[in-house]
Amino acid sequence: MNKAVFFDRDGTLNLDPGYLGDPNKVSLYEYVPEVLYKLKFEYNFKLFIVSNQSGIARGLIKESDVIAVNNRINEILNANDVTIDAFFYCPYHPDFSPPELCTCRKPSPEMVLKAAAEYNIDLKGSFFVGDKSSDILCGKSAGTKTVLVDYNSDENEIKTLKKVGISPNFVAGNFLDIDTYISGVLQEDNF
Ligand SMILES: [Mg+2]
């Protein structure tokens, strides 16, 4: 079986201007390409993006815009010889779409479970990395370890999670912290 690191996209890998639809506005956070390279080629993780893109349902961006942004992310990463293996996104929102379509939306683990089935992923040996409480809840429900990125150290999402009795396995202040945490877990026995 394969292992994977699932990443939220906006606010985790790239700066989040809100409903990002312009590929020319993609800006990755510091150390993202280097750390993704290490995760993929030193630790043998598959790399996936799992993203809510309700801007589509809201009529603010088109599906082709989301795809263009995804392609741009891979183009930037290609300069560092690494690529995301697959992008999963949920275009729906309960205020704009029928409920039966919204089951993909995080915190639902549906997109992660779909990726796991498609790519033969061992979720217990996998990680979910995101900047929102919904990312952590999604990862927990799917059975991965979870990393919350808190670039501003404002602890807002940590507080939200605490109210429902959940905490991420690790809180990262930047992308290098993610590498340090995951490499530490890999060195633990029985993992
Ligand atoms: Mg996000």
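What you are looking at is a predicted structure, and each value in this text was computed from that prediction instead of being measured.

(A) Focus on the overall build of the protein. Helix and strand counts for the protein come out as 6 helices and 6 strands. When its helices and strands are written in sequence order, the protein yields β-α-β-α-β-α-β-α-β-α-β-α. Relative to the compact-globule value of 16 Å for 191 residues, the protein shows a C-alpha radius of gyration of 16 Å, a close match. Expressed along its principal axes, the backbone C-alpha trace of the protein runs to roughly 50 × 40 × 35 Å. Looking at the 191 residues of the protein, the share that counts as buried comes to 39%. Relative to all contacts within the protein whose residues are 6 or more apart in sequence, the contacts with residues 24 or more apart total 64%.

(B) Geometry of unusual backbone geometry. The residue after Lys-106, namely Pro-107, is reached through a cis peptide bond having omega 20 degrees. Of note, the phi angle at Tyr-19 is positive, near 50 degrees, even though the residue is not glycine. Relative to the elements of secondary structure, Tyr-19 occurs in the loop between β1 (3-7) and α1 (32-41). If you check the backbone angles, Glu-155 has positive phi at about 60 degrees while not being a glycine. As for its placement among the helices and strands, Glu-155 is situated in the loop between β5 (145-149) and α5 (156-163).

(C) Geometry of the packing of α1 against helix α6 (residues 175-187). Two elements in contact, α1 and α6, have axes separated by 8 Å at closest approach and are oriented at 20 degrees. As summarised for this structure, α1 and α6 are arranged roughly parallel, according to the angle between their axes. You can see that α1 and α6 cross each other, and the crossing is left-handed. From α1, Val-32, Val-35, Lys-38 and Leu-39 reach across to α6, where they touch Phe-175, Leu-176, Ile-178, Asp-179 and Ile-182.

(D) Structural detail: the nonpolar core. The biggest cluster of nonpolar side chains holds 48 residues, and the ones touching the most others in it are Val-5, Phe-6, Val-112 and Val-129. Look past the residues within four positions of Phe-6 in its chain and what remains in contact with it is Phe-48, Val-50, Val-112, Ser-126, Phe-127, Phe-128, Gly-139 and Thr-144.

(E) A look at α1. For α1, the set of buried residues is Val-32, Val-35, Leu-36 and Leu-39. Burial along α1 is one-sided: seen end-on, the buried residues are contained in an arc of 100 degrees. Those residues of α1 that are buried are in contact with β1, β2 (45-52), α2 (63-78) and α6.

(F) Geometry of the pairing of strand β4 (residues 127-130). Neither face of β4 is open: one carries Phe-127 and Val-129, the other Phe-128 and Gly-130, and all of them are buried. Bridge count for β1 against β4 is 3 bridges, and the pairing is parallel. Its bridge partner lying in β4, Val-5 is registered against Phe-127. The pairing of β4 with β5 spans 4 bridges and is classified as parallel. Within β5, the residue paired with Phe-127 across the bridge is Lys-145.

(G) Representation of the sheet that holds β1 in the model. Pairing within the open sheet is parallel, and its 6 strands lie in the order β3-β2-β1-β4-β5-β6. Both outer strands of the open sheet, β3 (86-90) and β6 (170-172), are each paired with one neighbouring strand and no more. Direction aside, the axes of adjacent strands within the sheet are offset by 20 degrees on average. Bridging between β5 and β6 involves 3 bridges; their strand directions are parallel. Of the residues in β6, the one forming a bridge with Val-147 is Phe-170. Its contacts with the sheet put α6 on β4, β5 and β6, and the angle it makes with β6 is roughly 150 degrees.

Rules used throughout
Residues numbered from 1 in each chain as written. Predicted model: local features only at pLDDT ≥ 70, side-chain atom pairs only at ≥ 80, totals over all residues. Helix = DSSP H or I, 4+ residues; strand = E, 2+ residues; numbered from the N terminus. Rg over C-alpha atoms; globule rule 2.2 N^0.38 Å. Buried ≥ 20, exposed ≤ 12 C-beta atoms within 10 Å, placed from the backbone. Contact = placed C-beta atoms within 7 Å. Axes fitted to C-alpha atoms, helices over the stretch in contact; angles between N-to-C directions. Parallel < 35°, antiparallel > 145°, perpendicular 65-115°, else oblique. Left-handed = near helix turned anticlockwise from the far one by under 90°. Core = buried A, V, L, I, M, F, W, Y, C linked by C-beta atoms within 7 Å. Arc of directions from axis to C-beta. Pairing = 2+ DSSP bridges.

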